[in-house]
Amino acid sequence: MLIGVVLACVAAASLAAGLRVSAVGSGPVRDLAEARERAVVEVVLTTDPQPVVRPGRPIILARARAEAVLLRGRRLQVRVPVLLIADDRRWLGLLPSQKARVSGRLAPPRRAELLAAVLFVRGPPISLGRPSAVQRAAETVRARLRLATDHLPPDQRGVLPGMVVGDTSRLTPELSEDFKTAGLTHLLVVSGANLAIVIGAVLGLCRLAGLGRVRAPLVAVPAVLAFVVVARPEPSVLRAAVMGLIGLLALVTGRQRQGLPALAAAVLALVLIDPSLARSYGFVLSVLATAGLLVLAPIWRDRWRRRMPGPLADALAVTAAAQVAVAPVLVMLSGELGVVAIAANLLAAPVVAPATLLGALAALVALVALPPARLLAWAAGLCVGWVAAIARTAADLPYATLPWRGGALGAVSLLLAAAVAVLILRSRRLRLVAIAAMTGVLIAVVALRAVGPGWPPPNWAMVACDVGQGDALVLATGRASAVVVDAGPEPALVDACLDRLGVRQVPLLVLTHSHADHIEGTAGVRQGRVIHTVLVTPSSFGREARHAFGLTLRTAMTGQRWSIGDLTLSVLGPPPSAPRLSASDDGTMLNNASIVLVARAPGFSALLAGDVEEEAQRALSPSIPPVHVLKVPHHGSRSQSAPFFAAARPAVSIISVGKENDYGHPSPATLALLNHQGTRIHRTDQHGDIAITRTATGLSVVTRH
């Protein structure tokens, strides 16, 4: 009987998924997308519009449901999911459930997603109504919480709304990356794993208060429900709540056998309601975290209670079970194995519940009065500051994450690691050996940290800052002084990199060309520093000047030389005959207008090639000298010239590129070309900040992740 019910549910879910795939793969919206037609579409937003920095200009992304298409005087009723890509910041004022009319060009989705089309929108939205009452109430709470946290330090101001309502609008990219490295990202989004940790913290407090298994849910369940209401009852939040409540039910009753069928039924029901979940990694992580609570947490909790206090055993079991369950998928997604994740989560777990509850209370009180809300936010901020400090410290440790190979070898290695882990868990002797080995590694890492060089490394000549999908290079010219070549896409990222290097004087700022991933961070270079001169391409159409307002602007000319301290810069391109460009020119023309420099200092030389592509590289190849270091053009895109690389003959090649970028950078073909040249490749997405240092035996590469 049970097997029949399960098979029926699976069949129904498969049928629903098939119908959804058929709906998005056919119909008027997909037909218009395949033809790349323009149309007027009425949509209902299903997510918050999110700003994303892209080369050229910032864009806004939002998921929506298309409900009508207005085409050649006809109104076609539809109901299919679409992705909106807009260029007007007024989109950020819209909320989920809000209806709008947009005009733009439709295109088929590039990835295997359950989307009928991607809609490229120009201009502001035309609102057709207000968002739902629930969404308006949720946004009011979020806005009042932001007001209540205005007085907190930057880290606390960015993290607290994220922990309480999933609002990460104030979180700096650098801190966000630290949370990811430390394995704490789930605290900033409403997910099953996040709710599991919140539930663990609440249950620990209940145990300390003397509440038994019967009364503890009376506190935990309202805490989960309050969390969901404040974080907006969107489908993703409701799914996380279902997973968290199932885990809570099994954990507090000790009946994990009943929990597993409930989890299976919930998964089938949710996939039946929303078939796109079958292809959602977020949903997979949520289910795995809950399964970890059901299968592993009760066993570990009972064992550990014999050796430690009950509340500590509860928190440790919840944290470790959720982390172990999701680890294989996280490794697959990130290509990295988080070494410090469990320890970081354990250190953070005791303050998660107080921070969340105090933050939620502050948000509610802020609806009535801000002064007491700010006091509550200050108390929550103390907890949040601890979490942020853990994230920064953990991310700064050597080998906080270990790279994991992809392909068949990576899959076999992962299976072998899982088998070894099972053997270790089942054998007391092997557990002791593993603990001894881990202790030795920990002592070695701490010793390495204590005696190893700090940052920046001594005698550094050049640093490629990790600014995501963009460029920011720093060339040393003296104490607290450096030339900066490009500023990346975000002010906070380049500012933090220059702070770490101790740079306070910038005799020359070079903005190689006008794309956003090279100039939008200029305000970060200017933050607290003196900039003497800004060098721009002769093909500039004035965009750089807006970022360098009030500074001395010079135009780069081929053959020009700059000498600053013991550093010499020679301009190789673009040629004086290059045409003046405008914002309407395509990306390749703007890239080929990049300033190309050769930097030389005693024992060091580098070719800094901006984003020049194959055509410009071929023209420059006869004038390219051999160098020690090459900054690979255009983030390692496919458009590269083999003679250009052959002329440079670099010992070290640096690729400045963002993690998991949408452009496929660096291209496998470019990596193969570099490997053929015999150069050592270093990438900011894998190594973080990359420093070239001068030693007695030559140049050395030091990285900071």
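It should be emphasised that the depicted structure is a prediction, and the values quoted were computed from it without experimental measurement.

Rules used in this analysis
Residues numbered from 1 in each chain as written. Predicted model: local features only at pLDDT ≥ 70, side-chain atom pairs only at ≥ 80, totals over all residues. Heavy atoms only, no water. Disulfide = S-S within 2.5 Å. Helix = DSSP H or I, 4+ residues; strand = E, 2+ residues; numbered from the N terminus. Buried < 20%, exposed > 50% of the residue type's maximum accessible area, 1.4 Å probe, protein only. Polar contact = N/O pair within 3.5 Å; in protein donor to acceptor, adjacent residues only side chain to side chain. Contact = heavy atoms within 4.5 Å. Salt bridge = Lys/Arg side-chain N within 4 Å of Asp/Glu carboxyl O. Pairing = 2+ DSSP bridges. Right-handed = clockwise from strand over helix to strand, strands pointing away.

Another aspect to go through is the state of the cysteines. Across all of its chains, the model carries one disulfide by this definition. Between the sulfur atoms of Cys465 and its disulfide partner Cys497 the distance amounts to 2.0 Å. Handedness here is read from the sign of the S-S torsion; for Cys465 and Cys497, about -75°, the answer is left-handed. With a gap of 32 residues between them, Cys465 in the loop between strand 10 (460-464) and strand 11 (473-478) and Cys497 in helix 17 (residues 491-501) connect regions that are remote in the sequence. Across the pair, Cys497 and Cys465 agree in class, each one buried.

The next thing to look at is the side chain of Asn661. As for its position among the elements, Asn661 is in the loop between strand 21 (652-655) and helix 24 (668-677). A polar side-chain atom of Asn661 sits 3.2 Å from the main-chain amide nitrogen of Gly664. Within the local environment of Asn661, its side chain forms a polar contact with the backbone oxygen of His665, the two atoms lying 2.8 Å apart.

This paragraph deals with the side chain of Thr477. Its place among the elements puts Thr477 in strand 11. Thr477 gets classed as buried once you look at its relative accessible area, which sits at 13%. The contacts of Thr477, once residues within four sequence positions are left out, are Ala482, Val483, Pro507, Ile564, Gly565 and Leu567.

The next subject is the pattern of salt bridges. Within the structure shown, the criterion is met by 22 salt bridges. The partner of Asp88 in a salt bridge is Arg90, with the nearest N and O atoms 2.8 Å apart. We note a salt bridge from Glu520 to Arg543, for which the minimum N-O separation is 3.1 Å. Of this pair, Glu520 sits in the loop between helix 18 (516-519) and helix 19 (522-526) while Arg543 sits in helix 20 (residues 543-547), placing them 23 residues apart in sequence. The network of salt bridges with shared partners includes Glu42, Arg65, Glu67, Arg75, Arg79, Lys99 and Arg101.

Burial of strand 13 (residues 505-511) is extensive: six of the seven residues sit out of reach of the surface. Relative to strand 13, strand 12 (residues 481-485) runs parallel, the two sharing three bridges. Bridge pairing in strand 13 places Ser481 opposite Gln505. Note that the unit made of strand 12, helix 17 and strand 13 has a crossover that is right-handed. Pairing geometry for strand 13 and strand 14 (residues 530-536), over six bridges, is parallel. Opposite Val510, over in strand 14, you have Leu535 as the bridge partner.

Both trends apply: most residues other than glycine have a negative phi, and most peptide bonds are in trans. A cis amide bond, omega 10°, links Gly573 with the succeeding residue Pro574. Residues other than glycine seldom take positive phi values, yet Ser97 does so here, at roughly 80°. Residue Ser97 is classed as partly exposed on the basis of its relative accessible area of 27%. Despite not being glycine, His634 has its phi angle at roughly 50°, a positive value. Judged by its relative accessible area of 16%, His634 is buried.

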